[in-house]
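Inside the fold
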Amino acid sequence: MAPARIEVLIPRDRIQQRIAELGAQITAEYAGRSLVMVGVLKGSFMFLADLVRHIDLPVRIEFIGTKSYEGTTTSGQVQLTKDLDKPIQDEDVLLVEDIIDTGLTLNYLLHVLRQREPRSVRTVAFLDKPSRRRIEVQGDYIGFTIEDKFVIGYGLDFDQRYRSLADLCILVS
Ligand code: IMP
């Protein structure tokens, strides 16, 4: 079997250009307020790092971790592996996701965060794969909407590899 080839789906320049647009939009919409940006480990680390440099507001950074279990039911199961360090009560929270795929992780995290009584919660996702949704949920800010392809790079992994690629790529066998 030939080794998998890596092909670029979205090049780094386009990623950076889109992130600058998102940062400007978020800065304008939250003007006069401060934000708690909550990165979902591990896939969002690169997106969060680039996006925050385009957000001209006082920002606190937090991370949260999840793990998914594929059960026999269609609902799936998501569990926290790492919680926030500090409370978010009365804060404006921006959840930062790498990709919204089935939507199970986002749905679960929104539920968890809302229980903590923040002033508001919105979501920014680098990628959206709407054709894969198993639960109706959507991001407030989306970098790129993509087809049903497994992507790697720019923080996203296949078996914990390829996260460091600066472009968003696909594996072609
Ligand atoms: P969910 O299916 O929306 O709950 O997404 C769960 C997680 O699966 C995402 O946060 C990603 O880390 C991972 N994931 C989903 N699609 C891909 C992909 O195409 N490449 C790499 N990771 C993915």
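Structure report, in brief. (Residues numbered from 1 in each chain as written. Predicted model: local features only at pLDDT ≥ 70, side-chain atom pairs only at ≥ 80, totals over all residues. Heavy atoms only, no water.)

1. Things to note about the overall build of the chain
Applied cut-off: The numbering of helices and of strands both runs from the N terminus, where a helix is a DSSP run of H or I of at least 4 residues and a strand a run of E of at least 2. Only C-alpha atoms enter the radius of gyration; for comparison, a globular chain is expected to reach 2.2 Å times N to the power 0.38, where N is the number of residues. The contact criterion used is simple: two residues touch if any of their non-hydrogen atoms lie within 4.5 Å. Per-residue and other accessible areas follow the Shrake-Rupley method at a 1.4 Å probe size, with only the shown protein chains counted as cover for residues. The positive count covers Lys and Arg only, the negative count covers Asp and Glu only, and His and the chain ends enter neither. Charge positions are represented by NZ for Lys, CZ for Arg, CG for Asp and CD for Glu.
Helices and strands together make up the secondary structure of the chain, namely 3 helices and 9 strands. Taken over C-alpha atoms, the radius of gyration comes to 16 Å for the chain, in line with the 16 Å a tight globule of 173 residues would show. By its C-alpha atoms, the chain is 55 × 40 × 25 Å across when sized along the principal axes. Counting contacts in the chain only where the partners sit at least 6 residues apart, residues at least 24 apart contribute 67% of the total. As displayed, the chain has an accessible area near 9500 Å², and 48% of this comes from carbon and sulfur atoms. Charged side chains of the chain number 22 positive and 25 negative; the gap between the two group centres comes to 3 Å.

2. A short note on unusual backbone geometry
Short version of the rule: Exposed residues in this analysis have more than 50% of their type's maximum accessible area, buried residues have under 20%, and partly exposed residues fall in between, with area computed by a 1.4 Å probe over protein chains only.
Residues Leu 41 and Lys 42 are joined by a peptide bond in cis, for which omega reads -10 degrees. Positioned with a positive phi, Tyr 154 is a non-glycine residue whose angle comes to about 50 degrees. Its location among the elements puts Tyr 154 in the loop between β8 (151-152) and β9 (168-172). Among the residues examined, Tyr 154 registers a relative accessible area of 2% and is labelled buried.

3. Side note on the sheet that holds β8
To be explicit about the condition: When DSSP finds at least two bridges between two strands, those strands are taken to pair.
Taking strand neighbours across the sheet as the criterion, the 3 strands line up as β1-β9-β8 in an open arrangement whose pairing is antiparallel. Only two strands of the sheet have a single neighbouring strand rather than two, namely β1 (5-10) and β8. Pairing analysis gives 2 bridges linking β8 to β9, with the strands arranged antiparallel. Residue pairing in the sheet places Ile 152 in a bridge with Cys 169 of β9.

4. Thoughts on the sheet that holds strand β2 (residues 35-41)
To summarise the sheet geometry, strands pair through backbone hydrogen bonds and adopt either a parallel or an antiparallel arrangement. Inclusion rule: Orientation is described by lines fitted to C-alpha atoms, with helices fitted over the stretch in contact, and by angles between N-to-C directions that extend from 0 to 180 degrees.
Strand order in the open sheet formed by 6 strands is β4-β3-β2-β5-β6-β7, and the pairing between neighbours is mixed. What marks the edges here is a single partner per strand, and that holds for β4 (77-82) and β7 (141-145). Each strand axis lies, on average, 25 degrees off the axis of its neighbour in the sheet, ignoring direction. Here helix α3 (residues 104-114) sits on the sheet and contacts β2, β3 (59-69), β4, β5 (92-100) and β6 (120-128); the angle it forms with β5, its principal contact strand, is near 165 degrees.

5. Regarding the pattern of salt bridges
The criterion, for reference: We define a salt bridge as a side-chain nitrogen of Lys or Arg found within 4 Å of a carboxyl oxygen belonging to Asp or Glu.
Overall, the coordinates contain 15 salt bridges when judged by the stated rule. A salt bridge links Arg 12 to Asp 167, with the nearest nitrogen and oxygen atoms 2.9 Å apart. Pair noted here: Arg 12 is in helix α1 (residues 12-29) and Asp 167 is in the loop between β8 and β9, with a separation of 155 residues, a long-range link. Linking Glu 29 and Arg 122 is a salt bridge whose minimum nitrogen-to-oxygen distance equals 3.3 Å.

6. Some remarks on the site of the ligand
Quick reminder of the rule: Nearness is judged by heavy atoms alone; a residue qualifies as near a molecule or strand once a single heavy atom is within 4 Å of it. Pairing of N or O atoms within 3.5 Å defines a polar contact, subject to two protein rules: one partner must be a possible hydrogen donor and the other a possible acceptor, and residues neighboring in sequence count only if both atoms are side-chain atoms.
Around the ligand lies a shell of 15 residues, among which Asp 98, Thr 102, Gly 103, Thr 105 and Val 151 are the nearest. Contact distances for the ligand include 3.5 Å between an oxygen atom and a side-chain N or O atom of Glu 97. Those elements that place two or more of their residues in the shell around the ligand are β5 and α3. For the shell around the ligand, the element with the most residues is β5, which contributes 4 residues.

7. Brief notes about the side chain of Asp 92
Topologically, Asp 92 is positioned in strand β5. There is a polar contact of 3.1 Å between the side chain of Asp 92 and the side chain of Arg 33. In contact with Asp 92, not counting residues within four places along its chain, are Tyr 30, Arg 33, Ser 34, Leu 35, Val 36, Arg 119 and Ser 120.

8. Some words on the nonpolar core
Test applied: Buried Ala, Val, Leu, Ile, Met, Phe, Trp, Tyr and Cys residues that are joined via side-chain atoms within 4.5 Å together make up what is termed a nonpolar core.
Ile 26, Phe 47, Leu 51, Val 124, Phe 126 and Leu 127 are the most contacted members of the largest nonpolar core, which totals 28 residues. Going through the elements one at a time, α1, β2, α2 (45-52), β5, β6, β7 and β9 are the ones with two or more residues in this core. Apart from residues no more than four positions distant in its own chain, Ile 26 is found in contact with Leu 35, Leu 51, Ile 55, Leu 57, Leu 94, Val 124 and Tyr 141. Within the second largest apolar cluster, 17 residues are counted, among which are Val 38, Val 40, Leu 110 and Leu 113.

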